[in-house]
There are 2 protein chains.
Amino acid sequence: MDERYDQLPANPANYVPLSPLTFLSRAAQVHPDRTAIIHGRIERTWSGVSHRARRLASALCAHGVGRGDTVAIIAPNIPELYEAHFGVPMAGAVLNAINTRLDAKTINVILRHGRAKVLLTDTEYAETVRQALVGLDPKPLVIDICDPEGPWGTGEGEVLGETDYEAFLEQGAPDGLDERPANEWQAIALNYTSGTTGVPKGVVYHHRGAYLNAMGNIVVWAMPHHPVYLWTLPMFHCNGWCFPWTIAALAGTNICLRQITAEAIYKAIATHKVTHLCGAPIIMQMITNATDRERQSFDHKVAMMTAAAPPPSAVLAAMADQGIAVTHVYGLTECYGPGVVCDWQGAWDELPAEAQAQRQARQGVAYPVMERLMVGDPETLEPVPQDGDTMGEVFMRGNILMKGYLGNQAATDAAFAGGWFHTGDLGVWHADGYIELKDRSKDIIISGGENISSIEVEAALYQHPAVALAAVVAKKDEKWGETPWAFVELKPEASATESELIEHCRANLAHYKCPKHIVLGPLPKTSTGKTQKYLLREQANAPNAG
Amino acid sequence: MDERYDQLPANPANYVPLSPLTFLSRAAQVHPDRTAIIHGRIERTWSGVSHRARRLASALCAHGVGRGDTVAIIAPNIPELYEAHFGVPMAGAVLNAINTRLDAKTINVILRHGRAKVLLTDTEYAETVRQALVGLDPKPLVIDICDPEGPWGTGEGEVLGETDYEAFLEQGAPDGLDERPANEWQAIALNYTSGTTGVPKGVVYHHRGAYLNAMGNIVVWAMPHHPVYLWTLPMFHCNGWCFPWTIAALAGTNICLRQITAEAIYKAIATHKVTHLCGAPIIMQMITNATDRERQSFDHKVAMMTAAAPPPSAVLAAMADQGIAVTHVYGLTECYGPGVVCDWQGAWDELPAEAQAQRQARQGVAYPVMERLMVGDPETLEPVPQDGDTMGEVFMRGNILMKGYLGNQAATDAAFAGGWFHTGDLGVWHADGYIELKDRSKDIIISGGENISSIEVEAALYQHPAVALAAVVAKKDEKWGETPWAFVELKPEASATESELIEHCRANLAHYKCPKHIVLGPLPKTSTGKTQKYLLREQANAPNAG
């Protein structure tokens, strides 16, 4: 041991906290005039985006926002949400991008739990957000985003705050602010997940992890310089899997989409020569099931990354026919989006399409920036044999695992117990090291790429006075991947119809979370009284069901 | 400030020290049967390379080598040197790859200064190394590498140690050892640079920087998965610009070359379908000036990264004719090899070839993993105007700057004074943010990609009893880029011929460092007696000179 090696400490010249903010400043310095973002008639260069992000940071700072303050935003995939991925952390603050499909009550819970000091809100969601703000004390500073490409155009929608986003930017110093984190462990984003219990948990990301996962996307996807990236994946979903930062690192072009339709996707691909896009299987459905009227032809190569459900071979084949190569990834909010990739093996080239699809349907191997991935015994954390058969829980370890759950030490400790992140997902480990999910221990229903907690839906049903017992399961669905189905046992002497109960859910839940079908009758139970959900799952997915 | 964000400390599940060692374990797990390395008749998979590296680590450990111990190696670009880039740090130790062209005296100084506990030495260099070992106390454990592709084949060369490399590997445990750094700031490599003064300085790299620069290479070069990489750049040169780790991260194939000749390069490109290579301008000269007999045709795209001297337009054109696209990078040992890249601008596509070459001849902009780059006043560290005209020193800041110089606090402090790394290189800053070197304040001569300190050569000349004054400058050279030229003033009454002095240098210096030409006569001086080197540089490079 030569102690001289340890006598060379870090100094300001050779140690800089990792932060994805450096990607934006590099893009603005090296490619200032290159198109960074296109949204309908709006087009901005990297210099322009950098300028607006710095002004946002400066304006936030002028309103007392600083390190460790939460700035929430409710917006679709528009430039303001993209800018916020840089401008908010440039003020030292934490970005909380909220799912636009949530109901007012859940948004209220999130704003309250996250202690948002500022809320940027697109006027399209004004009605829901107005309700969500009721009872908040202190109220966040509310700033309306009046997107000229939005349903009402600039300044025509209902406004909730004192100022709109453009006027707010004007309050920033002309050169803006670009503060870097003092520490790479500093929080950069807060993302609420419905998680297992229906009570939203605030997943905290740090600068280090965001930097590394943004890099991981480049390596995993072998991305070129200056990709043209289409925003079909919501940026509020795990910060768009860190792609806002990835695209800046490559000085690419972001193509925004307020509304995701087959027509809009084809138009964007053909017009802007989109090279990359991400999204849930529903996006692939839109692409492959588009009508002739919605389609536009293109002859360049396109790459798509998808998660949430393994892509079936027919879909992969249809995508390939369209010139779109699909990469299957897997992850959770807790690992910054994708952390596992079904890395293509050269030997698969020789396989028939069906066998290829079978390989591709597996979740895969760790991202290069994730250090460890295993399937293990949930109790002992011993790895299961790599036999493709023994079930275990998926465990992860590495720098792209969250800091933890905001203000929830118990959940954080449980998630990281034994030095591994517990995904709660069950699967097998194949001989080649690829993992394959088999079930979700947490009963999450993934519908259109969004997680729905069955427990949250059950909780809503339980609020109805007639409900004795409720169980919600995933019903496979061609369009949405999965939809929630409910089984309800009514209280003795009580009565309620299916439509009454669905109506009740719609009054209490985001609409996409409501059961599509409710079966009334006694629920099957174990001898100890536990509902046998697997039987209900079978029933819901039987060929003759609904 | 919401203090809850700071209440989520790192734990073993969400924080793992960055280390390029993870790239090898991932390659071995995900692509175990893919070819990792080819050296003549030797071919090994990623599983095989990983296995040998782990056994090397284990064998080193069995001999008492551990954290912070130096393991030196003298070898050309062969599999053993590649393995050492993983096996040595897997034992917690520090890899010191030594320039094979150095003279025995300098190697002795390096082994002594680096306190090498083990020396792995290729039998080709046995004679020099035998001399280099004289007087070392304690002596390192010497292990001979008897490369079957080497000049003598296995076991036929002169051996210096008790054991050869293959037998040494056998001493490792069957599964080997794969220890990861406890801290990402831990040293991984030690690289001696001739630096400014001729006294070698030991540049220390850490795991974090090696990881990040390996990633930086991928992003800068938009590297695909599974590249086929030809080893024309010495791995002892800044650890091959971190490419041993980069190629593992991409599970590519390393093509080794013991001897770098035009014929060998063409053969490798054609046979193995090489996609990427790096090297000094001399490699480009070899490629473009190859004879018909040496050439082989190939029709795939090849990318080459070059540094040390800006590529002239005729060379770029000749390379393009060969189907080889050139990327110009710049760096120093202190920044892990390349840290600056002449990033291509879309707008340059439209320029005539000569104007493109002019753009490409500039050193460029910071690597994405280097946070800051500037040209500034050497005294005040104020940035110079970006006018392409005002000279200043090049300064760098970021995570790919060395830990410091081993056991040399004064030089470390000077290099990092004011929170910037002082490159000692002089240049201008263009309006588009690209830097361009104009001179080297340290009088380094770059010959065939290797640094030669003019001061070291001068010191050798001063050892000759007849020499009064010596000045060594760079003479531009079509083949080598630059060669050293000396100007010598003899002592009154003393006499010596040019060939006598060159002979004297050859006895005291590595041959590549010896002056190619020595001019005898009085040296031009300033009024204060300083030699006016710029006049000598002009003289050496005048059209009618030598």
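Residues numbered from 1 in each chain as written. Chains lettered and ligands numbered in written order. Predicted model: local features only at pLDDT ≥ 70, side-chain atom pairs only at ≥ 80, totals over all residues.

1. Things to note about the overall build of chain A
Rule in force here: Starting at the N terminus, helices and strands are each numbered in turn, a helix being any DSSP run of H or I of at least four residues and a strand any DSSP run of E of at least two. With C-beta atoms placed from the backbone, a residue counts as buried when 20 or more other C-beta atoms lie within 10 Å of its own, as exposed when 12 or fewer do, and as partly exposed for counts between those limits. Residue pairs qualify as contacts under a 7 Å threshold applied to their C-beta atoms, which are placed from the backbone.
Tallying secondary structure elements over chain A gives 17 helices and 26 strands in all. Counting the 546 residues in chain A, one finds 56% classified as buried. Pairs at least 24 residues apart make up 70% of the contacts formed inside chain A by residues separated by at least 6 positions.

2. Quick look at the relation of the copies chain A and chain B
So the rule is basically this: We superpose the copies by least squares over the C-alpha atoms of residues that have a pLDDT of at least 70 in both of them.
Taken as rigid bodies, chain A and chain B are interconverted by a rotation of 180 degrees and an axial shift of 0.0 Å, the fit giving an RMSD of 0.1 Å. Taken together, the turn and the small shift mark the pair as related by a two-fold rotation axis. When C-alpha distances to the rotation axis are compared across chain A, the minimum falls at Ala222(A), with a value of 3.4 Å. A high fraction, 98%, of the interface residues of chain A reappear at the interface in chain B, so the copies pair face to face through one surface.

3. Quick notes on the domain arrangement of chain A
Interface extent is often summarised as the accessible area lost during association of the parts. All names here are of chain A. Heads up, the condition is: For every domain, the bounds stem from an assignment made automatically or drawn from a database.
Along its sequence, chain A is carved into domain 1 (44–180) and domain 2 (444–540). For domain 1 and domain 2, the distance between their C-alpha centres works out to 35 Å. Counting residues at the interface gives four residues for domain 1 and four residues for domain 2.

4. A short note on unusual backbone geometry
Leaving glycine aside, a negative phi is the common case for residues, and trans is the common case for peptide bonds. Cis rather than trans, the peptide bond between Asp137(A) and Pro138(A) has omega equal to 0 degrees. Positionally, Pro138(A) belongs in the loop between helix 5 (126–133) and strand 6 (141–145). The backbone of Asn239(B) sits at a positive phi, close to 50 degrees, despite the residue not being glycine. Classification of Asn239(B) as buried rests on a count of 27 C-beta atoms within 10 Å. With a phi close to 75 degrees, Glu493(B) is a non-glycine residue in the positive phi region. On the basis of neighbour count, Glu493(B) is assigned to the exposed category, with 6 C-beta atoms found within 10 Å.

5. Examining helix 3 (residues 79–90) of chain A
All names here are of chain A. Where we set the bar: The span expected for a helix works out to 1.5 Å for each residue beyond the first.
Between its terminal C-alpha atoms helix 3 stretches 16 Å, which fits the 16 Å expected from twelve residues at 1.5 Å a residue. Turning to helix 3, its buried residues are Pro 79, Glu 80, Leu 81, Tyr 82, Glu 83, Ala 84, His 85, Phe 86, Gly 87, Val 88, Pro 89 and Met 90. At the exit of helix 3 stands Gly 92, carrying a positive phi of roughly 85 degrees.

6. Topic: the sheet that holds strand 24 (residues 467–477) of chain A
Residues and elements named next belong to chain A. Defined as follows: Two strands pair if DSSP finds at least two bridges between them. Interaxial angle, 0 to 180 degrees, is taken between N-to-C directions of lines fitted to C-alpha atoms, where a helix line uses only the stretch in contact.
Across the sheet, which stays open at both edges, the three strands sit in the order 24-25-26 with mixed pairing between neighbours. Two strands close off the open sheet at either side, each with one partner strand: strand 24 and strand 26 (517–520). Each strand of the sheet is rotated relative to its neighbour by a mean of 25 degrees, with strand direction disregarded. Strand direction decides the pairing type here: strand 25 (residues 481–490) and strand 26, joined by four bridges, are parallel.

7. Quick notes on the environment of Leu120(A)
Residues and elements named next belong to chain A. Mapped onto the fold, Leu 120 is located in strand 5 (residues 116–122). You can call Leu 120 buried: it has 31 C-beta atoms within 10 Å. The contacts of Leu 120, once residues within four sequence positions are left out, are Ile 73, Ala 75, Glu 80, Ala 84, Ile 143, Ile 145 and Tyr 165.

8. Focus on the interface of chain A and chain B
The following threshold applies: Classes in brief: Ala, Val, Leu, Ile, Met, Phe, Trp, Tyr, Cys and Pro nonpolar; Asp, Glu, Lys and Arg charged; the others, Gly included, polar.
On the side of chain B, 56 residues touch chain A, which itself brings 56 residues to the contact. If you list the elements that add at least two residues to the side of chain A that touches chain B, you get helix 1 (21–30), helix 7 (207–221) and strand 16 (365–366) of chain A. Among the residues making up the side of chain A that touches chain B, the classes are represented as 29 nonpolar, 15 polar and twelve charged.

9. With respect to the pairing of strand 15 (residues 337–341) of chain B
Residues and elements named next belong to chain B. Where burial is concerned, most of strand 15 is hidden: five out of the five residues are buried. Examined bridge by bridge, strand 14 (residues 324–332) and strand 15 share four bridges and lie antiparallel to one another. Across the sheet, the residue bridging to Leu 332 is Gly 337, located in strand 15. Hairpin remark: strand 14 followed by strand 15, antiparallel, with four residues in the connecting loop; positive phi at Tyr 336, about 65 degrees. Across two bridges, the pairing between strand 15 and strand 16 (residues 365–366) is antiparallel. Within the sheet, the bridge partner assigned to Val 340 lies in strand 16 and is Ala 366.

10. Concerning the packing of helix 1 (residues 21–30) of chain B against helix 2 (residues 46–62) of chain B
Residues and elements named next belong to chain B. Our working definition: Relative orientations are named as follows: roughly parallel for angles under 35 degrees, roughly antiparallel for angles over 145 degrees, roughly perpendicular for angles from 65 to 115 degrees, and oblique for any other angle. Crossing handedness follows the turn of the near helix against the far one: under a right angle anticlockwise gives a left-handed crossing, and clockwise gives a right-handed one.
Running from N to C, helix 1 and helix 2 cross one another at 135 degrees; their axes reach a closest spacing of 8 Å. With respect to each other, helix 1 and helix 2 are oriented oblique. Pair helix 1 / helix 2 crosses with left-handed handedness. Two secondary-structure elements touch here, helix 1 through Leu 24, Ser 25, Ala 27 and Ala 28 and helix 2 through Trp 46, Ser 47, Ser 50 and Ala 53.

11. Considerations on the confidence of the model for chain A
For the record, the criterion: Scored from 0 to 100, pLDDT reflects the predictor's confidence in each residue.
Summary statistics for chain A give a mean pLDDT of 92 and a share of 96% for residues scoring 70 or more. Scored as a whole, the predicted complex attains pTM 0.88, and scored at its interfaces, ipTM 0.87.

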